[in-house]
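# Structural features, examined
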Amino acid sequence: MFHPTKNLSYYGVKILFEKYNKLLSDFLLQDILKTVSLNNDYVTEKTVCSILRGTQLSNPDVKCTSNAGKYNILTIEEVSAAIKQLLKSELLEKKKIRGCYGSYDIVKLTPDGE
């Protein structure tokens, strides 16, 4: 029986994992954009991370995608890095708003990202 990693060299396995990470990253980026678009009025980076990782949310009004909770194997830092990648590519933007309990940096779609 063929085993994909058993018949590959070290570099072949490394390339396979890089392709997997790229694929997972692409799905993650799509799900981040979908989550932000559902909650475009008010959502923070931390909330997006919580939705996608499936951790407890303090706000019951947050809308979730069908892939909510499917990224629980990723750390908060990994999901945040993907959000920063979208900010850098200008598909998302941060805006500071003042709320009842202080000011917050919310994440919004840019007009190009809609």
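Structure report, in brief. Quantities reported herein were computed from a predicted structural model and do not represent experimental measurements. (Residues numbered from 1 in each chain as written. Predicted model: local features only at pLDDT ≥ 70, side-chain atom pairs only at ≥ 80, totals over all residues. Heavy atoms only, no water.)

### As for the pattern of salt bridges
Definition in use: Any Lys or Arg side-chain nitrogen found within 4 Å of a carboxyl oxygen on Asp or Glu counts as a salt bridge. Elements are defined by DSSP. Helices are runs of H or I of four residues or more, strands are runs of E of two residues or more, and each kind is numbered from the N terminus. For the exposure calls, accessible area comes from a 1.4 Å probe over protein chains only, and a residue counts as buried if that area is under 20% of its type's maximum, exposed if over 50%, partly exposed in between.
Using the criterion set out here, one finds 4 salt bridges in the structure. Salt-bridge contacts for Glu-45 lead to Lys-94; the nearest nitrogen and oxygen are separated by 3.0 Å. Placement of Glu-45 in helix 2 (residues 45-53) and of Lys-94 in strand 1 (residues 92-99) is noted, with a sequence separation of 49 residues between them. Residue classification places Glu-45 among the buried residues on the basis of a relative accessible area of 10%. For Lys-94, a relative accessible area of 41% gives the class partly exposed.

### Here's the deal with helix 2
Within helix 2, 8 of the 9 residues are buried, which leaves the element mostly enclosed by the surrounding structure. Among the residues of helix 2, Glu-45, Thr-47, Val-48, Cys-49, Ser-50, Ile-51, Leu-52 and Arg-53 are the ones counted as buried. Where helix 2 terminates, the next one or two residues include Gly-54, which has phi positive at roughly 80 degrees.

### Topic: the pairing of strand 2 (residues 102-109)
Heads up, the rule is: Any two strands with at least two DSSP-identified bridges between them are counted as paired.
As paired elements, strand 1 and strand 2 share 8 bridges and run antiparallel to each other. The residue of strand 2 that forms the bridge with Arg-98 is Ser-103. The turn joining strand 1 and strand 2, which pair antiparallel and follow one another in sequence, is formed by 2 residues.

### Some words on the nonpolar core
Defined as follows: By nonpolar core we mean a set of buried residues, namely Ala, Val, Leu, Ile, Met, Phe, Trp, Tyr and Cys, connected to one another through side-chain atoms within 4.5 Å. Residues count as neighbours in contact if any of their non-hydrogen atoms are within 4.5 Å of one another.
Counting 17 residues, the largest nonpolar core has Leu-28, Ile-32, Val-36, Val-48, Leu-52, Ile-83 and Leu-92 as its most contacted members. Among the elements of the structure, helix 1 (10-38), helix 2, helix 3 (76-88) and strand 2 are those that each provide at least two residues to this core. Leaving out residues up to four positions away in the same chain, Leu-52 has contacts with Leu-28, Asp-31, Ile-32, Thr-35, Asn-67, Ala-68, Gly-69, Lys-70, Tyr-71, Asn-72 and Val-79.

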